[in-house]
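Observations on chain architecture
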Amino acid sequence: MANPEEEEEEEKYESFLSRVRRTVYVDELTPHASKSVVESAFSQFGTVKDVIFLPNYLGPKELPTGVLVEMESEQTAKAVIETVSQFPFMVAGMPRPVRASAARPAMFSDRPKKPGRTIQFRWVDPSDAEFDKAQRVKRLVRKHTAEAAFMIKKQLEEAEELAKQQSETVTTHHKKFEMIDKLTHDRVAQELAGRYNIKCGPPHR
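Residues numbered from 1 in each chain as written. Predicted model: local features only at pLDDT ≥ 70, side-chain atom pairs only at ≥ 80, totals over all residues. Heavy atoms only, no water.

Per an unreviewed UniProt entry, the protein goes by RRM domain-containing protein and derives from Brassica campestris.

This is the structure we're talking about:
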């Protein structure tokens, strides 16, 4: 039979898991997005209880940010994931849409200790039989870090190029609309419509 302290730990951890289930992990978020912007973007799905930005310890500041968005219920969180996975969802003008997935316990820095879990560690001496294995793991971690840095660099280059293309597209469309508005205002469009016997709306005032 569990003692009161163990029961309290289990209740605390179960409450934490409930929080995890109603939380959405969002990445590909621009680092310029604020907490209020994220709350406003996701409040259209339901009540947003909390927004936690995940710190980026290793990558550059321009790297897209990850954030935990806690919704009011597990059903709302599932609806967010389903909708964002099916349709492009832009937040704060990021060149590419954000992505959403279910949050995991390891993502929370304030997660409580899992009941019954123990962590053991020890220093490994060079004469230890496990020393070579530890060295191989260390080299593998360095290799993965270098590969991740390369992929991050390529990702930032692609995002910059995409943002440039989108900016050029917006500028081109804006110039077209300005030209159409000018032609309509100056009655050039009406004169051409009369010459070619086609219908044309009234000029803007």
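1. Things to note about the overall build of the protein
For the record, the criterion: Counting from the N terminus, the helices are the DSSP runs of H or I reaching at least four residues and the strands are the DSSP runs of E reaching at least two. Relative accessible area decides the class of each residue, using a 1.4 Å probe on protein chains only: under 20% of the type maximum gives buried, over 50% gives exposed, and in between gives partly exposed. Throughout, a residue-residue contact means that at least one pair of heavy atoms, one from each residue, lies within 4.5 Å. For the accessible areas, the method is Shrake-Rupley and the probe is 1.4 Å, while residue cover comes only from the protein chains on display.
Tallying secondary structure elements over the protein gives 5 helices and 4 strands in all. Scanning the protein from its N terminus toward the C terminus, one meets helices and strands in the order α-β-α-β-β-α-β-α-α. When each of the 205 residues of the protein is scored for burial, the buried share is 24%. Restricting the contact set of the protein to residue pairs at least 6 apart, pairs at least 24 apart contribute 65%. When the accessible surface of the protein is totalled, it reaches about 15,600 Å², and 54% of it is carbon and sulfur.

2. Things to note about the packing of aromatic side chains
In this description, a pair of aromatic rings is defined by centroid distance and the angle of the planes. Put simply, the rule is: Stacked, edge-to-face and tilted labels apply to pairs of Phe, Tyr and Trp rings (six-membered ring for Trp) whose centres lie within 6.5 Å, assigned for plane angles under 30 degrees, over 60, and everything in between, in that order.
Within the structure shown, the criterion is met by 5 aromatic pairs. Seen in terms of ring centroids, F42 and F45 are 6.1 Å apart; in terms of plane orientation they differ by 35°. Their pairing is tilted. Judged by its relative accessible area of 23%, F45 falls in the partly exposed class. The structure contains a cluster of three or more aromatic residues connected by ring pairs, namely Y13, F16 and F108.

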